[in-house]
Amino acid sequence: MRKPIIAGNWKMHKTTAEARQLVYETRTDLAALTAVDVVLCPPFTALAEVAGLVADTPIRIGAQNAHWEPDGAYTGEISAGMLAEFCDYVILGHSERRAMFGETDEGVNRKVHAALGAGLIPIVCVGETFEENQADRTGEVVVRQVRAALAGLDADTVAGLVVAYEPVWAIGTGLAAEPDGAAAVIRDFIRGPVGEAFGSGAAETLRVQYGGSVKPDNAGAFFSMDDIDGALVGGASLKAADFIGIVRAAM
């Protein structure tokens, strides 16, 4: 049985003081929900503060991005090794990174290898745009992204990763995918290719989240699907009651 994992992606929200307040509002409740792995992903500026506040709890910390080089003349970037001081997880290949900052499949793969080399667990994001969805290209796009992101890894490593299926058209729009539809994409276009490349054991053990307008009132429907192991939560992770409600639904 795969343990559920809920990650809150705070994106470019929360000053350090605001992050501290959100942790105060959620820490006790989240720490008590030990049947679920909970990951908070604040902006870089708040990582150290949030990590310190949850250090004595089961709550883990994730970063929202990383560079593939260990160091160098890359102004404005942060390496996986730097993040490993505070984090256990790192989000890679988020659709906003792909769409707004030109992130490529090859770049995501390089970041995955760098994160693993630094001891971080990647949360690898894949998903199709609205136009690709309407053109019946979901499978083509998701399979390509999965294969590219995991290239060069072995089965044991893949089994320990997290993949987030986040249809781009559902992120921040209020339009969530249908739970059975999301589960079918995960089964056929994520676990399927993983099984072909790395074996059925890796495909079964790999944890796959759904991301895209997840809220307390729809989370349970997603988590009732066998192939969905949790959620990558955006806007709702910024509201204490909503995020706690989503984590409770995963139990």
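The rules behind each value
- Residues numbered from 1 in each chain as written.
- Predicted model: local features only at pLDDT ≥ 70, side-chain atom pairs only at ≥ 80, totals over all residues.
- Heavy atoms only, no water.
- Salt bridge = Lys/Arg side-chain N within 4 Å of Asp/Glu carboxyl O.
- Helix = DSSP H or I, 4+ residues; strand = E, 2+ residues; numbered from the N terminus.
- Buried < 20%, exposed > 50% of the residue type's maximum accessible area, 1.4 Å probe, protein only.
- Core = buried A, V, L, I, M, F, W, Y, C linked by side-chain atoms within 4.5 Å.

1. Quick notes on the pattern of salt bridges
Line of reasoning, step 1. This model, assessed by the stated rule, comprises 18 salt bridges.
Line of reasoning, step 2. A salt bridge links Glu49 to Arg20, with the shortest nitrogen-to-oxygen separation between them at 2.8 Å. Residue Glu49 is found in helix H2 (residues 47-53), and its partner Arg20 is found in helix H1 (residues 16-32); the two are separated by 29 residues along the sequence.
Line of reasoning, step 3. On the basis of relative accessibility, which here comes to 27%, the residue Glu49 falls in the partly exposed class.
Line of reasoning, step 4. A single salt-bridge network, built from bridges that share partners, covers Arg2, Arg191, Glu204, Asp227 and Asp229.

2. A look at the nonpolar core
Line of reasoning, step 1. Within the largest apolar cluster, 71 residues are counted, with the highest numbers of intra-cluster contacts made by Ile6, Leu40, Leu150, Ile190, Val194, Tyr210 and Phe223.
Line of reasoning, step 2. With 7 residues, helix H9 (residues 179-198) is the largest single contributor of residues to this core.
Line of reasoning, step 3. Counting residues in each nonpolar core, the second largest holds 11 residues, with Cys41, Cys125, Val162 and Ala164 among its members.

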